[in-house]
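If you want the building blocks of each chain, they are given just below.
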Amino acid sequence: MSNDTKPPYTVGSPTVDMKSMRRPLLMEFDQAWGAPQYTDWIDESLSWKQTCYLGDWSWLPDLKFTGPDSLRLFADVSVNTMDRFAVNQSKHIIHTNPDGKVVGEGILSRIGQDEFVEFGPSCLWTDFIRRQGNYDVQAEPVGWTKLQLQGPTALHVLERASGQEVRDIGFMRSTVVTIAGNEVRVLRQGMTGEIGFELQASRSHLGAISDAIMSAGEEFGIRRMGAKVSMINHLEAGIPTVTLDYLPAFFDEWSSEYYAFADATLSPLFGGPIMDQNYRVAGSFHSDDIRDYYRSPVELGWGNRINFDHNFIGMDALREELAAPRRVLRTLVWNSDDVLSVWGEFFKRGESLPDWMEIPRERRGYMWADQVQQDGRTVAVSTSRGYSAHFRQMLSLAVVDVEASEIGQSLTLLYGNPGTPQREIRVTVAAAPYKDDHARVDLSALPRTAGLVG
């Protein structure tokens, strides 16, 4: 890391009493996405395999970083290389603590020679380091829309709404189009494992752009994504999500100043103490050490983002872990008979009720972590349990010990909070992503959108 960045960054003791992390959560993780359902959650969850959907992530924070030291700043704070980072290119950027655990992650887009926009709460960590170090960089909110257009027919909807072909956009590259008379930056990415775009523009144009996309999408079967299925796409596509699959690694002495900074920055935006309300744990996995709920990029399947061509926080720990990974990301397929048995207990009198398996998923923002065992030994932690109407299966993501991670391996999951009637559920190890990935298909090979000129 640069000598200009404030030292030292050494891991201290956790500052959190884990009893406080198991308090009831008085909010729903997905409330920012709008209505729970627009058609119905089954119809909406099938859309990104059959047609497409429009979802709205505009509530996520963003910051624009401008100045000659911008690249050096991002190199200092992230595992990603900044070499050959082209204008109009984007990266999945990952920040780690000195132990190599994820502090935050988001999307970083280079929109000019010395202009970058970071999307997601991770931008606050970059801004915090900027303020601590000697960087000729300015930061300000941009307040862009973050509309997600995802699914097999997404390309046709985008071309119909903009009136122009966009077949030359490479994956994680962007271009500018006009929709409803407004300039819109289109980033090609894939949160569903299908063709996908993020539409970025001034948030004041959100309504006009959304209406134009929905109107253009009628002939292509577009759906509006409701809150109930907002994270099923991540589950099927094997994309871990902060608060649901891991806790950000900043509940330690080393990061106490950052915690206070993030809370002071975010709370006014969300109308309350967001840092205190947003992080909770539940499920059969229990530890008194919050670091057991942290995850590294290697464990989350992001090891290919790590590049040691620069110094960054956590590089020594990640170099060691990459050489000998201990755990890997997998999908767990829950035994349907065992799931039905748990549901069946709600229609039997006389026994204590187990924890309810809400479908399609638990909407409160817990990291619902269940222990997974092999021969009585815990070998995995399961998170993000959800029902896939496409596969007609209950699935979850899991960080699994390497020796128990073989595809097809049978394991046993303990379902339910400590102190409640817990149930054993058979699970089978499968790949993550579980759904075939079509996000990087060659757009130029797809059928042309009828009615376009040129």
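The structure this text deals with has already been given above.
Residues numbered from 1 in each chain as written. Predicted model: local features only at pLDDT ≥ 70, side-chain atom pairs only at ≥ 80, totals over all residues. Heavy atoms only, no water.

## Some points on the overall build of the protein
The secondary structure content of the protein amounts to eleven helices and 19 strands. A compact globule built from 454 residues should have a C-alpha radius of gyration of about 22 Å, and the protein, at 22 Å, falls within 12% of that. A burial count over the protein gives 58% of its 454 residues as buried. Summarising the internal contacts of the protein: among those between residues at least 6 apart in sequence, 73% fall at separations of at least 24. (Helix = DSSP H or I, 4+ residues; strand = E, 2+ residues; numbered from the N terminus. Rg over C-alpha atoms; globule rule 2.2 N^0.38 Å. Buried < 20%, exposed > 50% of the residue type's maximum accessible area, 1.4 Å probe, protein only. Contact = heavy atoms within 4.5 Å.)

## Focus on the nonpolar core
Grouped together as the largest cluster of nonpolar side chains are 42 residues, with contacts concentrated most on Met21, Leu124, Trp125, Leu247, Tyr258, Ile290 and Tyr293. Elements with a minimum of two residues in this core: helix H1 (18-21), strand E2 (62-66), helix H3 (70-77), strand E4 (102-112), helix H4 (122-132) and helix H8 (256-270). With five residues, H4 is the largest single contributor of residues to this core. Core analysis: the second largest hydrophobic core is formed by 26 residues, Leu155, Val166, Ile169 and Ile222 among them. (Core = buried A, V, L, I, M, F, W, Y, C linked by side-chain atoms within 4.5 Å.)

## A closer look at the sheet that holds E2
Across the sheet, which stays open at both edges, the five strands sit in the order E3-E4-E5-E2-E6 with antiparallel pairing between neighbours. Looking at the sheet topology across the chains shown, the edges are occupied by strand E3 (90-96) and strand E6 (138-140). Put simply, the sheet's adjacent strands are angled 30 degrees from each other on average, direction ignored. Here E3 runs beside E4; their pairing, made up of seven bridges, is antiparallel. In the strand pairing of E4, Thr96 is matched with Val102. (Pairing = 2+ DSSP bridges. Axes fitted to C-alpha atoms, helices over the stretch in contact; angles between N-to-C directions.)

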